[in-house]
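# Chain and residue survey
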Amino acid sequence: MNSRAIEVLVGVFMLLFFGAMFILAMKVSNLTSLTSSEGYTLVAKFENVGGLKPRASVAASGVKVGEVEAISYDPETFEASVTLSIDETFSDTFPTDTTASIYTAGLLGEQYIGLDPGAEIDMLQDSDEITLTQSAIVLERLIGQVLFSRSGGS
């Protein structure tokens, strides 16, 4: 009887362990928010998005204000067009001269978009475009520039 109780406890412990690992995996992969919240969309165009992926965070002053909804290539401007979904609680928060930059966070190199509000009086509305953007810093390109400048290349 004692052996049976130990087996049941080990089984319960294993179920709790696998449940915790599943929740951790969902948190790391950014799949925990499967419900879409109401809000509005903004579009930002970047020369290079690096490793930015859909569902990446959009933050202002370190506070999550939305997420990346979609990334596509615009053949007319030859740039990546990023659609941002901003939560409705932050409507009428970002001026028209807001800057969008791609940053890297954490040891895993997860990328996110940081919004820096400007000083304009007019606010961004649904489907507006953020015109002031800063692309992702690509480490390989940066190393190549340093090596090229040190070799005295012209």
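These remarks concern the structure in this document. Just so it is clear, the model here is predicted, and its values are computed rather than measured. (Residues numbered from 1 in each chain as written. Predicted model: local features only at pLDDT ≥ 70, side-chain atom pairs only at ≥ 80, totals over all residues. Heavy atoms only, no water.)

This next bit is on the pattern of salt bridges. Applying the stated criterion to the full structure yields two salt bridges. The partner of Asp74 in a salt bridge is Lys45, and the shortest N-O contact between them spans 2.8 Å. A residue pair is termed long-range when its members are at least 10 positions apart, and Asp74 in strand S3 (residues 63-74) and Lys45 in strand S1 (residues 39-46) qualify at 29 residues. As far as burial versus exposure is concerned, Asp74 and Lys45 are alike and both buried. Across the pair Arg55 and Glu67 runs a salt bridge whose closest N-O atoms are separated by 3.8 Å. Taken together, the residues span a long stretch of sequence, with Arg55 in the loop between S1 and strand S2 (57-60) and Glu67 in strand S3 at a distance of twelve residues. (Salt bridge = Lys/Arg side-chain N within 4 Å of Asp/Glu carboxyl O. Helix = DSSP H or I, 4+ residues; strand = E, 2+ residues; numbered from the N terminus. Buried < 20%, exposed > 50% of the residue type's maximum accessible area, 1.4 Å probe, protein only.)

Here Glu140 lies in helix H2 (residues 139-150). Residue Glu140 is classed as exposed on the basis of its relative accessible area, which comes to 62%. Through-space distance from the C-alpha of Glu140 to that of Val65 is 30 Å; in sequence the pair is 75 residues apart.

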